[in-house]
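# Structural overview for review
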Amino acid sequence: MFLIRYLTILTMVVVFGSCNKKEAIINKETILKKSIQFHDPKNEWEISHFKVHIQEPRIRNPYRYSIVELNNASDFFELQRNRNKHVSIHRINK
């Protein structure tokens, strides 16, 4: 009885799962294009500039604090993070 139920369910999954195979095959360029159209319809990402302050306490560093700055117009990225009494700065410029 268990085997018949298992085979019936397995057959249904295979049959119905293969019906939409053509629709399921989408290449990565299409996914990226649709994602950009949905999330950035005004094409503002290329000129975005923002600075984010993040508190991220840890057990060994309860005062961990980071500042992330991103400026897409000038291809600039910076991460400042305090580590105990020290500040580390990671910067990428064009």
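Refer to the structure printed above.
Note that the structure is predicted; figures quoted are calculated from it, not measured. (Residues numbered from 1 in each chain as written. Predicted model: local features only at pLDDT ≥ 70, side-chain atom pairs only at ≥ 80, totals over all residues. Heavy atoms only, no water.)

### Notes on the overall build of the protein
Convention followed: Only DSSP runs of H or I covering at least 4 residues are called helices, and only runs of E covering at least 2 are called strands; the numbering of each starts at the N terminus. Each residue gets one of three labels from its accessible area relative to the maximum for its type: buried under 20%, exposed over 50%, partly exposed in between, using a 1.4 Å probe on protein chains only. Methods summary: accessible areas were calculated by the Shrake-Rupley approach with a probe of 1.4 Å, and residue burial reflects only the protein chains presented.
Assigned secondary structure in the protein consists of three helices and four strands. Reading the secondary structure of the protein in the N-to-C direction produces α-α-α-β-β-β-β. In the protein, which comprises 94 residues, the share counted as buried stands at 19%. Element-wise, carbon and sulfur atoms account for 62% of the exposed surface of the protein, whose accessible area totals about 8900 Å².

### Let's talk about the pattern of salt bridges
The following threshold applies: The salt bridge criterion pairs a side-chain nitrogen of Lys or Arg with a carboxyl oxygen of Asp or Glu, the two atoms within 4 Å.
This model, assessed by the stated rule, comprises four salt bridges. Put simply, glutamate 56 and arginine 64 hold a salt bridge, and the shortest N to O gap is 3.8 Å. Neither residue differs from the other here; glutamate 56 and arginine 64 are each classed as buried. Here arginine 91 ties to glutamate 78 by a salt bridge, and the two come within 2.5 Å at their closest N and O atoms.

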